[in-house]
Every structure is written in structure tokens, then in C-alpha cells.
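Remarks on the overall topology
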Amino acid sequence: LEKIDRSKIPNISELNKDMVAKLDFDPNLDYVVPYAMGAVGIAVNKAKVQNYERSYKIFEDPALKGKMTLLNDARQVITSALTYNGLNPVSKDAGDLAKAKETMKLWKNNILKFDSESFGKGFASDEYLVVQGYFENISSQITEEQRANMDFFIPEKGATMYIDSMVIPKGAKNIENAHAFINYIHRPDVYVKIVDFFQIPSINNGAEKLRKTKAPYTVEDMSKTTLLRDLVDAIEAHNNLWNDIMANN
């Protein structure tokens, strides 16, 4: 990547400082400029599901058996199970992973399937009443009435999050225009169109003041979320756990 010339992106000053603090791999924004930030949460159809705990415990409810989905993603599900048990989300400790396994077995017994592709459509059609997923993938599929009946929340004990960023590839031919484009994106009157369209938290302070929609959660609500990072030497243990969960009933 080319190093960012911050002097050519004055609108970088609009970035939410709490969000920037999550970028511990590039704290000075030398190579990345965040574009969007969000979290994996849980969506519940309130019209058909009542009296539930706003946590991953909902996936243990036998009354909802066959009406729920989890993401078909090892990192998302294992990290969620570890976090739910109050454990290090990147732990490779055998005891920690055993606890996560027991939790995941309970969840798997109640969900219809692991689904990373059609959870939004399934929620919209009432095939799924509870799904783990991204708000924007769900909200784009449902009606305003359905949205009014949807509870989307980040579990109190924490969840996983993402930060999509803009970068300039090494050897880019139009570096000046790249800086100009990034600066344009973070012009508050431009960035507000992005957050209003996707109805996501605004990482741009000026846009937050201009927005017409309300996000289901804020940047501040994401204080306990975990940004997925390289598992390094824990990857094998996590892969083995996931393969075990997928292979056995």
C-alpha cells in the first residue's frame, strides 16, 4: 500500500475517535482510511417472539427450534461462543474451547442451519424468526412494518465487528485523485448519503449531525465488540473445533 498523505484529506478530522481507536494495527491512519463500521448482531421478530434475553442465550431456547440461524462462519460463531462465556475471543486454551464447544452444540441443536447468504431473505419471509447477521443485509430485505417489529441488538457481553477501509495500492497511477476521492467520501454532506442509505452507524461526526435515519446501534454501543484479527497459532485449534461442530450432531 501507498502511505496516506493526511494533508490531502482534511476531512479525515471528521472521523469518530472511538472508532479510530479500534484500528490498533494502524493507529495513525498511515495506510488506511475507514469507510464504514458495523457489528454482527442478532435480529428478532418481535411480532412472533416475546420474553427473550437480549443475548446469545436466545439460541438455547427450544421453543424457537428450527426458526433460527447462525452465520456459516467459524470465526463469527466461535468468537461469539467464547465471548458469551466471558472468555478470550482468540483463546486456544483447551478448557476454553471445550466450554465454547458445549455452547455451540446447544446452539446447533436449535438452529435450522448455519447461513451467511440468505439470512436476510429468510427473516423477511418469516422462515427465520431469529438470525445472527448484519443489520444492513436484513434491513434491505424487509418492509417498514417488518422493521418496526424487528429488534436488532448487539449482545451485552459483546459481539464481532468490522471496519471496511479505503487504501491506495502500491504503484497506483492516480494518487492525487485517490486522495481527492477519499476526502470527497468523508465530506459530511456526501457521507450522510451512505449512512442514510445503509442505515448504519456513522463514523463521520459531521454526517451524524445531518443524517435523517437512525441506526439500530451507535459507535459507542460497539465498545465491547471484537475486531476480528489473525488468530496466529490459535487457528488450528479453532479450525478443528469448527470441523468437529459441523461434522457431528
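What comes next is a walk through the structure. (Residues numbered from 1 in each chain as written. Predicted model: local features only at pLDDT ≥ 70, side-chain atom pairs only at ≥ 80, totals over all residues. Heavy atoms only, no water.)

1. A short note on the environment of leucine 71
Following the sequence through the fold, leucine 71 ends up in the loop between strand S2 (68-70) and helix H2 (74-84). On the accessibility criterion, leucine 71 (2% relative accessible area) is buried. For the pair formed by leucine 71 and phenylalanine 119, sequence separation is 48 residues and the distance between their alpha carbons is 8.2 Å. (Helix = DSSP H or I, 4+ residues; strand = E, 2+ residues; numbered from the N terminus. Buried < 20%, exposed > 50% of the residue type's maximum accessible area, 1.4 Å probe, protein only.)

2. What about the packing of aromatic side chains?
Within this structure, the stated rule accounts for nine aromatic pairs. With centroids separated by 6.1 Å and ring planes inclined at 55 degrees, the aromatic side chains of phenylalanine 59 and tryptophan 107 adopt a geometry described as tilted. Of this pair, phenylalanine 59 sits in the loop between strand S1 (33-45) and S2 while tryptophan 107 is found in helix H3 (residues 94-110), placing the two residues 48 residues apart along the sequence. Of the two residues, phenylalanine 59 and tryptophan 107, both sit in the buried class. Arranged with centres 6.0 Å apart and planes meeting at 50 degrees, the rings of tyrosine 84 and tryptophan 107 form a pair that is tilted. (Phe/Tyr/Trp six-rings, centres within 6.5 Å; stacked < 30°, edge-to-face > 60°.)

3. Concerning the packing of H2 against H3
At their nearest, the axes of H2 and H3 sit 9 Å apart, and the two run at 110 degrees to each other. Here H2 lies roughly perpendicular to H3, going by the angle between them. Where H2 abuts H3, its residues Val77, Ile78, Ser80, Ala81, Leu82 and Tyr84 lie against Asp96, Leu97, Ala100, Thr103, Met104 and Trp107. Residues that form the contact of H2 with H3 fall into these classes: nine nonpolar, two polar and one charged. (Axes fitted to C-alpha atoms, helices over the stretch in contact; angles between N-to-C directions. Parallel < 35°, antiparallel > 145°, perpendicular 65-115°, else oblique. Contact = heavy atoms within 4.5 Å. Nonpolar A, V, L, I, M, F, W, Y, C, P; charged D, E, K, R; others polar.)

4. Comments concerning the pattern of salt bridges
Scanning all chains against the criterion turns up eleven salt bridges. For lysine 8, the salt bridge identified is with aspartate 5, shortest N-O distance 3.9 Å. Overall, the relative accessible area of 29% leaves aspartate 5 in the partly exposed class. Between aspartate 233 and lysine 92 there is a salt bridge, with its nearest N and O atoms 2.5 Å apart. Of the two residues, aspartate 233 sits in the loop between strand S7 (226-227) and helix H10 (235-247) while lysine 92 sits in the loop between H2 and H3, which places them 141 residues apart along the sequence. Take aspartate 233: its relative accessible area is 52%, and that puts it in the exposed class. Take lysine 92: its relative accessible area is 46%, and that puts it in the partly exposed class. Several salt bridges converge on common partners, so that one network encompasses Asp5, Lys8 and Glu176. (Salt bridge = Lys/Arg side-chain N within 4 Å of Asp/Glu carboxyl O.)

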